[in-house]
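# Structure at a glance
The primary structure of each chain is shown beneath.
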Amino acid sequence: MQSRTHNTQTISPEQETQSTSAAPLLSAAVRGEGEVLSSGEVSADFDDAERALFEDLASDNRNFDKNQSEADTEEVDTSQAPNQRNRQRRTIQIQFYATAPYACSYLPDQQARSQVATPAHLIGSEVYAALVNQGFRRSGVFVYRPYCDACDACVPVRTKVQEFRPNRSQRRAWKQHQDLQTHICELEFEEEHFALYQRYQKMRHAGGGMDQDDREQYTQFLLQSKVDTRLVEFRDEHDVLRMVSIIDVLEDGLSSVYTFYDPEVSGSAYGTYNVLWQLQQAADLGMPYLYLGYWIQESKKMSYKTNFQPLQGLYNGTWQDF
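Residues numbered from 1 in each chain as written. Predicted model: local features only at pLDDT ≥ 70, side-chain atom pairs only at ≥ 80, totals over all residues. Heavy atoms only, no water.

### Things to note about the pattern of salt bridges
Within the structure shown, the criterion is met by 14 salt bridges. For Asp149, the salt bridge is made with Arg113, and the minimal N-O distance between the two is 3.3 Å. Residue Asp149 is found in the loop between β7 (142-146) and β8 (155-160), and its partner Arg113 is found in the loop between β4 (111-112) and β5 (114-118); the two are separated by 36 residues along the sequence. In this structure Asp149 comes out as exposed when scored by relative accessible area, which is 63%. (Salt bridge = Lys/Arg side-chain N within 4 Å of Asp/Glu carboxyl O. Helix = DSSP H or I, 4+ residues; strand = E, 2+ residues; numbered from the N terminus. Buried < 20%, exposed > 50% of the residue type's maximum accessible area, 1.4 Å probe, protein only.)

### Describing the side chain of Asp262
Tracing the backbone shows Asp262 in the loop between β12 (253-261) and α6 (270-284). Classification of Asp262 by relative accessible area gives buried; the value is 4%. Within polar-contact distance, the side chain of Asp262 engages the side chain of Arg242 at 2.6 Å. Engagement of the side chain of Asp262 in a polar contact is seen with the backbone nitrogen of Glu264, the distance being 2.9 Å. In this structure, Asp262 is in contact with Leu196, Arg199, Arg242 and Tyr270, ignoring residues within four places of it in sequence. (Polar contact = N/O pair within 3.5 Å; in protein donor to acceptor, adjacent residues only side chain to side chain. Contact = heavy atoms within 4.5 Å.)

### A closer look at the packing of helix α4 (residues 191-204) against helix α5 (residues 215-223)
Two elements in contact, α4 and α5, have axes separated by 11 Å at closest approach and are oriented at 95°. With respect to their mutual orientation, α4 and α5 come out roughly perpendicular. Of the residues in α5, those in contact with Glu191, His193, Phe194 and Tyr197 of α4 are Arg215, Tyr218, Phe221 and Leu222. Split into classes, the residues belonging to the contact of α4 with α5 amount to five nonpolar, one polar and two charged. (Axes fitted to C-alpha atoms, helices over the stretch in contact; angles between N-to-C directions. Parallel < 35°, antiparallel > 145°, perpendicular 65-115°, else oblique. Nonpolar A, V, L, I, M, F, W, Y, C, P; charged D, E, K, R; others polar.)

### Here's the deal with unusual backbone geometry
With an omega of -5°, the peptide bond between Thr118 and Pro119 qualifies as cis. Among the secondary structure elements, Pro119 is positioned in the loop between β5 and α2 (125-132). Between Gln309 and the following residue, Pro310, the backbone shows a cis peptide bond with an omega angle of 0°. As for its position among the elements, Pro310 is in the loop between β13 (289-295) and β14 (311-315).

### What about the sheet that holds β8?
Read across the sheet, eight strands follow the order β9-β10-β11-β12-β13-β8-β14-β15 without closing on themselves; strand pairing throughout is mixed. Because the sheet does not close on itself, it has two edges, and the strands there are β9 (181-185) and β15 (318-321). Going across the sheet, the axis of each strand differs from the next one's by a mean of 35°, ignoring polarity. (Pairing = 2+ DSSP bridges.)

### Focus: α2
An α-helical turn contains 3.6 residues, so a residue and the one three or four places further along point in the same direction. Counting buried positions along α2 gives six out of eight residues, so the element sits mostly inside the fold. Within α2, burial applies to Val127, Tyr128, Ala129, Ala130, Leu131 and Val132.

### Describing the confidence of the model for the chain
Model confidence for the chain is summarised by a mean pLDDT of 78, while 70% of its residues fall at 70 or above. When mean pLDDT is compared element by element in the chain, β8 scores highest at 98, while helix α1 (residues 27-31) scores lowest at 33. Of the regions scoring below 50 in pLDDT, residues 1-7 engages in 19 contacts with residues more than four places distant in sequence or in other chains. Note that pLDDT drops below 50 for residues 15-70; the model gives that stretch 135 contacts with residues more than four away or on any other chain. (pLDDT = per-residue confidence, 0-100.)

### Description of the packing of helix α3 (residues 168-176) against α6
Look at α3 against α6: their axes get within 9 Å of each other, and the N-to-C directions meet at 90°. When the axis of α3 is compared with that of α6, the two are roughly perpendicular. Between α3 and α6, the residues in contact are Gln170, Ala173 and Trp174 and Thr272, Tyr273, Leu276, Trp277 and Gln280, respectively. For the contact of α3 with α6, the per-class residue count stands at five nonpolar, three polar and no charged.

### Digging into the environment of Arg113
For Arg113, a relative accessible area of 11% corresponds to the buried category. With 37 residues separating them along the chain, Arg113 and Ala150 place their C-alpha atoms 9.9 Å apart. In terms of polar contacts, Arg113 uses its side chain to reach the backbone carbonyl oxygen of Thr99, at 3.3 Å. A polar atom in the side chain of Arg113 sits 3.3 Å from the side chain of Asp149.

Right, here's the structure in full:
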């Protein structure tokens, strides 16, 4: 494992971002002498079903709809991606395959389908940013969005970074975990990360399928990326690994791909702290949005996302305030 320092590291884009300097999002509200909150509040749970369908997609194509004689083909205009308005127009032809129906991981007795963008080798950072702006997410090298026959419950959501103000419980979570030090690592397999991932899945999502992930499945899910991705680890003052986040850097914000943390620390608020940390990173970079994936009103697993207001949802192709 590579050497590390105990200085907190921050995310920076691969290329310089042309934007105005953002006010420190959490500095005034949290880092100062904020109000002490009452005890007993715990972090919200993070959903994991968004990638369940793609656990074995890398090895075969049996989830693709074989009854579909040809894929839908569209041209993705990279000049229409966020913050690309003044760049030279460039279009890339992308095909979209519909998966076969599968059991919905969020809503009982529901069948779901996904639309997968291909070929993966053409979906670099610019194309990916344009697709995220259209409601797509990433699972490993696969970029997808819900494509259900009779359901539109999945709503892509993003927090407006500059307007976000933490509530009382969020301020408490931020103070509670100020001892955590961050380190941005290479996107490669580490036994220590995988061991934490296994503990997290077995204790927080037992029986959900991901608690049986082996090293190959873990690697395909989190460590394979063709876009600008960061693996961030969070360690306490004793250098104990407490949390790991996978984050994609976009032109107009950060996309929270997946986070797992130590499930055995009683009373921790790692999940909430992590979203706050990502919001702070986006603010420091002058980025307007933090993309939080999908939200379903009927799903308790996703309810935590509405705590990070102001929130926007993608409805009928247009981002609208909740």
